[in-house]
Structure formats: structure tokens, C-alpha cells
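What the coordinates show
Now for the letters of each chain:
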Amino acid sequence: MGLAEDTPALAPAQIRRTATVTVGLLMGVWVIDYVDRVMMAVALPFIGEDFALTKTEQGWLITAFSLVYLLCQIPGGILADRFGARRQLMVSLLLWSVFTALTGIAWGLASLLVIRALFGVGQGLFPGASFKAIAERTTPAVRATAAGAMLASNQLGAGVAPLIVAPLILALGWRHTFWVTAAAGVAIGVLLWKLLPRALPAHLNGSDIVHDKGLGLGTVMRSPSVWKFAALFCATNMLGYGLITWVPSYLLEERGISLINTGVMSAIPGLVMCATVFLGGWLFDRFFHDRARLYVIPLLLVTAVLLVLMLMADSAVGFTVYQTLAMGVAGLSSMGILGMPVRALPPAVIGSGMSVVNVGGQIAGVLAPVLMGFLVDKFSYNAAFGLLIATTILGALIALIVPQRPEQFSLGTKEFA
């Protein structure tokens, strides 16, 4: 369900336009998605001061969202596969905009935890629907590139968020800042509803290839390949969640940087990572699509070395330079990590399959904020950032066992080339 009914033959230009408009709209929504997430990290020092929260309690504000977000991944993927993308995209966007606005009226830790958890429901329905929208509106030949462009907008959102949020907090306060971004979410939701193209016919998007009615969530959940990629995504996603959550507080508190300068210095690594995700997708498709390990493992090891140098930096500028290099190199590896399941999963179950993979990544979102907050409270920021070095090396080790080519990707007892 959710696919368009048969339509007259489409010209190549119409097919390209459908893919381009779809990716462009989804990139816009992902940017708002990440602005709404990252703004909590930028606001944490002020929220913590207002409510007298420890670093561990501040970490729980991120983790409460991430835990519910994780739990909604697979249900969100199932709903997208069953009902199609359009309605679910709208429901998700409007829900998270409502709870973004409600964050601005929170009165203490308990209310913040509840509101951020419900915010996780809204955003948790989105990834499966976005991958489903890509699968419905692109041909298999360009799907990995389209997904890579969409995912790169995550880092664009993470990069621009501090530049937008820091001045707003200074001008309006943290409460009003949440209301402004909620309004932006509603606005882009209206654009999405009006402009999202109809799905391509089944013979173009590949959904006519799989006719096995037994192919569903159970088959996906039994796939060793899907879970290997989920584990890899978990280990490597610790880096992004950890740095996004705690670098703004570190620069403010340990380096004495002003809020505006903190916003700028926090934005630079995310913007660089956005560019390298695009570049990495091209490099992966062009040179390494059948040799993912040869591509991913060296990049992760170089990232770990750069993180060590980041911790050894004796100035805020040096810290930011090495953080930028580390996130830039990690960005190059992103499509090696996610490109294979995007290319190999059949369109009929891509919402469910990528949601399972994304569960792995969101486990990192649950663990990184609170574990790092605990390490800061008990030891130091260096100990907290040291955790990210260990998980990045772990990702390189897990990459040794993931499938490198589509024909090695198993889906239960079935294989799809």
C-alpha cells in the first residue's frame, strides 16, 4: 500500500524531477529535524542553570528523547511500509513541532523529561517514512546517492543549528527560541504536503520485483546482515551524538568561550561533516562500492587518531581544528556504513529494514549523552571524550564482519543482488 497506481509512461526528465524534488524537500525537513535536536544541546547550560541540574541530569534530557526515538524506529518503519510515506511524514513533523513548542513552557526536570520523550515519538516516526519516500520516488540506480544526499542534510542541520540557536537564545531566551523553531517546523510541513511528488510507478521504483507476501518485518529481524549494520551504526554514531551534546558546554565552561563564539565553533565541524558526507557518497559509489571495508576501516582509524589529538590540544582553536578534522573524516565513511543496506534492501521492506539499522544508531543516542555526562561529573571532559575514541575503534572492528557487496547481503533466508 502507499504506492501510486499505474500511470502513463514518464519521461526521464519527469523521473529525475520527482527524485530531485523529493530529496530536496526531505533534506529541508531533516535540517529542521536536527536544528530541533541540537538546540537542546546549545541550551543545556542555560536550562541546567535555571533548574540547577547536574551534568548527568542534563544528559538524561538528551537520552530521554533518544530512548523513545529508538523505540519508535521499527514501528515507524512498519507504518511507512504499510501506509506509504506522505501522511506519516506530516504526522511526524507536526507532532515534533508541537513538543518543541511545549519545551518552552517546561517548569522543571520532570516536565522536561516527559516533553522530550514525547518529542522523541514525533521524530521517531520520521526516518522510516523518509526512506520509504525515497524508495517510492527514485529508481534503484540512483537510490543510494539520493539517500546519501538526504542523510548529509543531518550534518547541515547540526552545523547551522548553533549559528541559528545561539543568537536566538541571547536575544529571546531559551524558552522563546523553542517556540520560534516550532513555527519553522510547521511552515516546512505545509511545503512538504503541497510539493511532495506522487510515487513513481512500481516498475520504475522497483517495488514490482518482490512479490513474496511473507516478506516483512520478521524476515528483516532475522537478517544477520541488518543487525551487523545496526551494530556498526551504533558504534560509529556515538561520535556524532557525543560531540553534538557536550562540545557546546565544554567550550563555555572549560574554555571560557562566549555563547556566540561557542555557536560558531560548534557549527564548523558539522558543516564540514555535511560536505564530506556528500563527498564520501561519491567516493564510495565511484571506487569502493564493492570494497566497503577497505574504505570504512582506515577512515575510522584516522578519526580515532584525530580525536586523540583533539584531547591533547592546548587551546579552544586547536580543539576545534582537530574536532573538525575528525568529524570530516568520519563523514567520509558515512555512506560506506549506510550505503550498502540502502542499495540492497528491497523497496517493499526498506522502511522496516532501515529502521532496524537506525535502531543501532539511536542506541548511541541513548548511551552517549548520559554516559558522557556521568564521566564529566565523576572524572572530566577528557574522560568523556575518551569514550568516543574507544567506540570509534570498536566501529572499525565491527566493520571487519559486515557484508561488502549486495550479493553478500542476506535478508532472512533470501538474498538480493
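A brief report on the enclosed structure follows. (Residues numbered from 1 in each chain as written. Predicted model: local features only at pLDDT ≥ 70, side-chain atom pairs only at ≥ 80, totals over all residues. Heavy atoms only, no water.)

With respect to the packing of helix H1 (residues 12–51) against helix H5 (residues 109–124)
- Following both chains from N to C, one finds H1 and H5 inclined at 175°, their axes separated by 13 Å at the closest point. Between H1 and H5, the interaxial angle falls into the category roughly antiparallel. Residues Asp33, Asp36, Arg37, Met40, Ile47 and Phe51 of H1 form the contact with H5, whose participating residues are Leu112, Arg116, Phe119 and Gln123.
- Looking at side-chain class alone, the contact of H1 with H5 contains 5 nonpolar, 1 polar and 4 charged residues. (Axes fitted to C-alpha atoms, helices over the stretch in contact; angles between N-to-C directions. Helix = DSSP H or I, 4+ residues; strand = E, 2+ residues; numbered from the N terminus. Parallel < 35°, antiparallel > 145°, perpendicular 65-115°, else oblique. Contact = heavy atoms within 4.5 Å. Nonpolar A, V, L, I, M, F, W, Y, C, P; charged D, E, K, R; others polar.)

Some details on the pattern of salt bridges
- Under the counting rule described, the total for this entry stands at 2 salt bridges.
- Between Lys55 and Glu253 there is a salt bridge, and its shortest N-O distance comes to 3.1 Å. In this pair, Lys55 is assigned in helix H2 (residues 55–71) and Glu253 in helix H11 (residues 224–253), connecting sequence segments 198 residues apart.
- Exposure remark for Lys55: the relative accessible area of 14% places this residue in the buried category.
- Two residues, Glu136 and Arg137, come together in a salt bridge whose shortest N-O distance is 2.6 Å. Across the pair, Arg137 and Glu136 agree in class, each one buried. (Salt bridge = Lys/Arg side-chain N within 4 Å of Asp/Glu carboxyl O. Buried < 20%, exposed > 50% of the residue type's maximum accessible area, 1.4 Å probe, protein only.)

Examining unusual backbone geometry
- You will see that Ala52, though not glycine, has its phi angle at about 55°, which is positive.
- Within the secondary structure layout, Ala52 lies in the loop between H1 and H2.

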